[in-house]
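Results of the structural survey
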Amino acid sequence: MDFQFTRYLGSVEAKCSMGHEAVANWFNSEVRSDSQKIYTALSVLAQAKKQSYEQEIRLIGAEYSLFINADEVMVKANNLDMTDSSEQDLEKDFHYYDEESIAFCGLEDFENFLTSYLNFIA
């Protein structure tokens, strides 16, 4: 996963590579308003890395939520579940575009993203 942090008008904005846009959207919508979420996510990642870890921890946000288990991190827009029923209303051969609403990455990639942000602001 490629990413970049930039400062704009006093705040930090994240951009991620194609396929991981939801990670940047999570950061830009959830973390900028509550930087404690970085430390909470890092703590959950440390738990998930333990060998006997079998749970999924959900960190529910206002717009995006994190789902972390022993194998991967899923970032998902909260409104994505609502789009499943609206897809029935679309014409044949049309599909709802959700590439910026959901992303998956490994634990190490997500940890690298979070620690890179902390290094960026230091």
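Our subject is the structure that appears above.
What counts, and where the lines are drawn
- Residues numbered from 1 in each chain as written.
- Predicted model: local features only at pLDDT ≥ 70, side-chain atom pairs only at ≥ 80, totals over all residues.
- Heavy atoms only, no water.
- Axes fitted to C-alpha atoms, helices over the stretch in contact; angles between N-to-C directions.
- Helix = DSSP H or I, 4+ residues; strand = E, 2+ residues; numbered from the N terminus.
- Parallel < 35°, antiparallel > 145°, perpendicular 65-115°, else oblique.
- Left-handed = near helix turned anticlockwise from the far one by under 90°.
- Contact = heavy atoms within 4.5 Å.
- Buried < 20%, exposed > 50% of the residue type's maximum accessible area, 1.4 Å probe, protein only.
- Core = buried A, V, L, I, M, F, W, Y, C linked by side-chain atoms within 4.5 Å.
- Pairing = 2+ DSSP bridges.

**Details of the packing of helix α2 (residues 36-48) against helix α4 (residues 107-121)**
The angle between the axes and the distance between the axes are what describe a pair of packed helices. Closest axis-to-axis distance for the α2/α4 pair is 10 Å, and the angle between their directions is 150°. In terms of orientation, α2 and α4 fall into the roughly antiparallel class. Two packed elements cross with a definite hand, and for α2 against α4 that hand is left-handed. For the pair formed by α2 and α4, the contact residues are Ile 38, Tyr 39, Ala 41, Leu 42, Leu 45 and Ala 48 on the first element and Leu 107, Phe 110, Glu 111, Leu 114, Thr 115, Tyr 117 and Leu 118 on the second.

**Some words on the environment of Gly 19**
One can find Gly 19 in the loop between β2 (11-16) and α1 (21-31). By relative accessible area, Gly 19 is classed as partly exposed at 28%. Along the sequence, Gly 19 and Ser 101 sit 82 residues apart, while their C-alpha atoms lie 9.6 Å from each other. If we ignore the near neighbours within four places in the chain, the residues touching Gly 19 are Ile 102 and Ala 103.

**Considering the nonpolar core**
Among the nonpolar cores identified, the biggest contains 31 residues, and Trp 26, Phe 27, Val 73, Val 75, Phe 110, Phe 113 and Leu 114 are the most heavily contacted of them. Mapped onto this core, the elements with two or more residues apiece are β2, α1, α2, β4 (64-68), β5 (72-77), β6 (102-106) and α4. Once residues within four sequence positions are removed from consideration, Leu 114 is found in contact with Trp 26, Ile 38, Ala 41, Leu 42 and Leu 45.

**Brief notes about the sheet that holds β5**
Read from one edge of the open sheet, four strands run β3-β4-β5-β6, paired in antiparallel fashion. The open sheet has two free edges, formed respectively by β3 (57-59) and β6, since each of these has just one partner strand. Neighbour-to-neighbour, the strand axes of this sheet turn through a mean angle of 15°, independent of strand direction. In the sheet, β4 pairs with β5 via five bridges, with the strands oriented antiparallel. Note that in β5 the partner of Ile 68 across the bridge is Val 73. In the packing of α4 onto the sheet, contacts are made with β4, β5 and β6, and the angle to β6 comes to roughly 100°.

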